[in-house]
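What follows is each chain in one-letter form.
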Number of protein chains: 2
Amino acid sequence: MTPSDALQAWLADRRELVDRALDRFLPTAARAPSVIAEAMRYSVFAGGKRLRPMLALAAAEATAGTDPGAETAATLALPAACALELIHTYSLVHDDLPAMDNDTLRRGRPTAHVVYGEGTAILSGDALLTEAFVLLTREPQPEAVTALPSGELARRKLEAIRTIAEAAGAHGMVGGQAIDLKAAEPGAPPLGEAGLREMHARKTGALLRASAVAGAIMAGASRDELAAISAYGTHVGLAFQIVDDILDVEGASAVLGKTAGKDAAAGKPTYPALYGLDESRRRAEASMARALEALDEVRIGGHLPAIARWVVARTH
Amino acid sequence: MTPSDALQAWLADRRELVDRALDRFLPTAARAPSVIAEAMRYSVFAGGKRLRPMLALAAAEATAGTDPGAETAATLALPAACALELIHTYSLVHDDLPAMDNDTLRRGRPTAHVVYGEGTAILSGDALLTEAFVLLTREPQPEAVTALPSGELARRKLEAIRTIAEAAGAHGMVGGQAIDLKAAEPGAPPLGEAGLREMHARKTGALLRASAVAGAIMAGASRDELAAISAYGTHVGLAFQIVDDILDVEGASAVLGKTAGKDAAAGKPTYPALYGLDESRRRAEASMARALEALDEVRIGGHLPAIARWVVARTH
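What counts and what doesn't
Residues numbered from 1 in each chain as written. Chains lettered and ligands numbered in written order. Predicted model: local features only at pLDDT ≥ 70, side-chain atom pairs only at ≥ 80, totals over all residues. Core = buried A, V, L, I, M, F, W, Y, C linked by C-beta atoms within 7 Å. Buried ≥ 20, exposed ≤ 12 C-beta atoms within 10 Å, placed from the backbone. Contact = placed C-beta atoms within 7 Å. Helix = DSSP H or I, 4+ residues; strand = E, 2+ residues; numbered from the N terminus. Least-squares fit on C-alpha atoms with pLDDT ≥ 70 in both. pLDDT = per-residue confidence, 0-100. Expected span 1.5 Å × (residues − 1). Arc of directions from axis to C-beta. Axes fitted to C-alpha atoms, helices over the stretch in contact; angles between N-to-C directions. Parallel < 35°, antiparallel > 145°, perpendicular 65-115°, else oblique. Left-handed = near helix turned anticlockwise from the far one by under 90°. Nonpolar A, V, L, I, M, F, W, Y, C, P; charged D, E, K, R; others polar.

Concerning the nonpolar core
One recurring pattern in soluble globular proteins is that nonpolar side chains are buried together.
Here is step 1 of the chain: Judged by nonpolar contacts, the single largest core of 199 residues is most densely connected at Ala60, Ala77 and Ile164 of chain A together with Ala60, Ala77 and Ile164 of chain B.
Here is step 2 of the chain: If we ignore the near neighbours within four places in the chain, the residues touching Ala60 of chain A are Ala73, Ala74, Leu76, Ala77, Gly215, Ala216, Met218 and Ala219 of chain A.

Here it is, written out as structure tokens:
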């Protein structure tokens with residue numbers, strides 16, 4: 001297998017693990033009102049790369065070492081991985097609303113508000129965000145990780161929840177979306193380079209970074225390892241966003257599952273608009289290189305380097 | 001002082017404590033995008049009874065006993081009390097949206113989406129919900145409660161977060177709002193008595209119950225005390241909702257700060273519509289009595305009985 005084949009095999013296996021866990025963790029119509037249980041599942045199982053769960057699991061496996069071992073790393077980090085996907089999904093559902101980006105198509109399917117109406121879409125997003133925190137507190141249960149003292153498990157959970165909540169809230173993802181929303185208002189001044197960086201760092205970067213960090217926290221990474229994973233996550237997040245902007249310009253609607261060129265058409269600031277395509281691609285590569293350097297400094301790797309390369313090389 | 005005067009003095013003191021803490025905990029424009037920090041504060045400081053924080057603090061004080069003492073009970077439960085108010089406020093912001101209840105007036109002031117626009121209102125609600133979890137994980141910091149081993153503090157925090165998240169999510173508050181939304185659709189079948197009870201138990205009851213329980217968890221209540229507090233919270237929650245329905249029929253717009261009779265006019269099911277005003281009032285009183293009985297069984301009280309009486313006697 002080439003390195004890329006090895007990553008593909010790992011991704012396929014871990015995606016299946018995550019999807020099975022999401023199916024197990026999500027509310028069912030037996031206990032929650034059926035309309036909300038159904039709308040949550042519609043958006044969660046709409047496809048998607050599961051990038052945030054993959055970062056969490058890869059970071060957990062890379063930092064767990066041989067003790068407690070990779071299997072336990074997955075057990076420890078799987079609930080956080082799923083919670084991150086729930087939070088990412090909620091953000092998409094709310095971003096797609098008529099009052100926000102007004103997108104009717106996502107991953108090639110009608111968006112939640114088109115299918116369930118605006119009110120239920122808002123509520124399903126609220127529920128996805130809230131259930132993420134139910135999951136983070138409840139799982140893994142102490143009985144499932146007997147190798148760990150229950151006090152240590154509680155400490156890790158709290159640190160992971162805080163990391164994720166801080167990245168998702170007003171200082172992170174929601175704050176970034178607010179900047180985006182304001183910048184798209186008629187007559188708003190253009191964001192400029194610093195504004196664009198801040199928006200992306202909050203809107204996309206913060207949760208991508210938190211995904212890797214939360215996975216590592218659950219696996220019991222050392223302070224040095226956490227700092228390296230945090231730097232890795234920051235650089236991968238930036239690379240991801242630059243490539244997203246490039247794909248929005250280059251991509252075809254069919255491949256992206258959304259309307260190509262939409263951001264540029266809406267007058268949203270993008271890296272290609274600021275720097276051109278070639279320089280944007282160069283910057284994405286440079287961010288990837290810095291992500292790999294951060295890992296090298298503490299000698300951790302696993303699937304993390306390959307994920308960074310995949311983020312930059314992806315075509316959708 | 002009459003018992004009622006004693007409660008009023010306690011409420012005034014604790015509300016000030018909660019409002020000062022909310023001001024300290026909420027994001028500022030220095031670190032978060034200013035539009036989102038401002039919109040969050042606008043809705044949080046719009047007045048309101050702070051019933052959920054009061055239930056949390058009263059339950060903490062009632063179950064803490066003399067060791068670690070009432071002061072420490074407030075220190076332990078104050079962050080949870082504030083987080084509960086953030087979650088309650090987010091639910092109001094989202095419920096008021098055009099796609100939901102379409103309310104333009106709340107507590108006598110224009111609602112968030114009227115002031116900030118629909119997109120920012122949705123985001124400010126998302127941010128309030130998320131910051132609640134930041135707060136619950138971060139505070140109180142171990143240094144502030146040295147009387148408690150840090151492992152025990154982490155255990156209590158996790159249990160409180162889980163209790164609150166479960167009550168706020170698809171099985172609780174959001175689920176109840178989804179039922180409400182569906183019942184208000186043109187041509188929807190009437191909810192009936194069982195449907196009305198389920199809707200209220202989820203939409204309002206779950207978080208009121210969780211408020212009292214989370215406060216008691218943070219104070220280190222025993223299992224028996226937690227069970228009693230849980231029953232108390234359930235009965236107070238039902239009484240609260242029946243009285244809310246009664247006030248909607250009887251109340252004047254000026255007193256409620258919202259349009260009176262609006263629920264009935266919208267064809268929403270209410271207790272007075274199902275049972276008439278007299279029987280509704282009798283049921284509210286009966287729920288209050290059951291709340292007091294639950295406390296009596298484990299011999300706890302403090303301000304909890306007076307709060308139950310206030311919930312039923314209130315005129316707004």
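Here's the deal with unusual backbone geometry
Here is step 1 of the chain: Along the chain, Glu139 of chain A connects to Pro140 of chain A via a cis peptide bond; the corresponding omega equals -10°.
Here is step 2 of the chain: As for its position among the elements, Pro140 of chain A is in the loop between α6 (118-138) and α7 (150-168).
Here is step 3 of the chain: At Asn102 of chain A, a position not held by glycine, the phi torsion is positive, near 55°.
Here is step 4 of the chain: By the element assignment, Asn102 of chain A lies in the loop between α4 (70-95) and β1 (105-106).
Here is step 5 of the chain: Classification of Asn102 of chain A by C-beta neighbours within 10 Å gives partly exposed; the count is 13.
Here is step 6 of the chain: One non-glycine residue, Arg50 of chain B, adopts positive backbone phi at about 55°.
Here is step 7 of the chain: Positionally, Arg50 of chain B belongs in the loop between α2 (34-44) and α3 (51-64).
Here is step 8 of the chain: The exposure class assigned to Arg50 of chain B is buried, which follows from the 23 C-beta atoms found within 10 Å.

Some thoughts on the interface of chain B and chain A
Here is step 1 of the chain: In this complex, chain B contributes 46 residues to the contact, which on the side of chain A involves 46 residues.
Here is step 2 of the chain: Listed by contribution, the elements that provide at least two residues to the side of chain B that touches chain A are α2, α6 (118-138), α7 (150-168) and α8 (173-183) of chain B.
Here is step 3 of the chain: At 14 residues, the largest contribution of residues to the side of chain B that touches chain A is made by α6 of chain B.

Observations concerning the relation of the copies chain B and chain A
Here is step 1 of the chain: Of the two same-sequence chains, chain B is brought onto chain A (RMSD 0.0 Å, axial shift 0.0 Å) by a rotation of 180°. The superposition of one copy onto the other is thereby described by a two-fold rotation axis. Scanning chain B for the C-alpha nearest the rotation axis identifies Gly151 of chain B, at a separation of 2.6 Å.
Here is step 2 of the chain: With an isologous cut-off of 70% or more, the 100% of interface residues of chain B that recur at the interface of chain A puts this contact in the isologous class.

With respect to the confidence of the model for chain A
Residues and elements named next belong to chain A.
Here is step 1 of the chain: Looking at chain A, the pLDDT average stands at 91 and 91% of residues meet or exceed 70.
Here is step 2 of the chain: At the low end of the mean pLDDT range in chain A sits helix α11 (residues 253-256), at 48; at the high end sits α6, at 98.
Here is step 3 of the chain: Interface confidence in the predicted complex, given as ipTM, is 0.94; pTM for the same model is 0.95.

What about helix α14 (residues 277-297) of chain A?
Residue and element names in this part refer to chain A.
Here is step 1 of the chain: Spanning 21 residues, α14 covers 31 Å between terminal C-alpha atoms, matching the ideal 30 Å at 1.5 Å per step.
Here is step 2 of the chain: Residues of α14 that are buried: Ser280, Ala284, Ser287, Met288, Ala291, Ala294 and Leu295. Viewed along the axis of α14, the buried residues span an arc of 115°, placing them on a single side of the element. Among the exposed residues of α14, those oriented more than 90 degrees off its buried face are Asp278, Asp296 and Glu297.
Here is step 3 of the chain: Its buried side turned inward, α14 meets α10 (223-250), α13 (271-275) and α15 (304-313).
Here is step 4 of the chain: In the stretch just after α14, Arg299 is the one whose phi turns positive, near 55°.

A word on the packing of α10 of chain A against α14 of chain A
Residue and element names in this part refer to chain A.
Here is step 1 of the chain: Remark: α10 packs on α14, axes separated minimally by 8 Å, with the N-to-C direction vectors making an angle of 160°. Accordingly, the angle class assigned to the pair α10 and α14 is roughly antiparallel. Between α10 and α14 lies a crossing whose hand is left-handed. Together, Ala228, Ala231, Tyr232, His235, Val236, Leu238, Ala239, Ile242, Val243, Asp245, Ile246 and Val249 of α10 and Leu277, Ser280, Arg281, Arg283, Ala284, Ser287, Met288, Arg290, Ala291, Ala294, Leu295 and Glu297 of α14 make up the contact between the two elements.
Here is step 2 of the chain: Counted by class, the contact of α10 with α14 contains 16 nonpolar, 3 polar and 5 charged residues.

Quick look at the packing of α6 of chain A against α7 of chain B
Here is step 1 of the chain: For the pair α6 of chain A and α7 of chain B, interaxial distance at closest approach is 8 Å and the crossing angle is 150°. Considered as vectors, α6 of chain A and α7 of chain B are oriented roughly antiparallel to each other. In the crossing of α6 of chain A with α7 of chain B, the sense of the turn from one axis to the other is left-handed. Here Thr130, Phe133, Val134, Thr137 and Arg138 of chain A of α6 of chain A come into contact with α7 of chain B, specifically with Leu158, Ile161, Arg162, Ala165, Glu166 and Ala168 of chain B.
Here is step 2 of the chain: Considering only residue class, the contact of α6 of chain A with α7 of chain B consists of 6 nonpolar, 2 polar and 3 charged.

Quick notes on the environment of Gly47 of chain A
Here is step 1 of the chain: Examined against the element boundaries, Gly47 of chain A turns out to sit in the loop between α2 (34-44) and α3 (51-64).
Here is step 2 of the chain: In this structure the C-alpha to C-alpha distance between Gly47 of chain A and Arg109 of chain A, which are 62 residues apart in sequence, comes to 9.6 Å.

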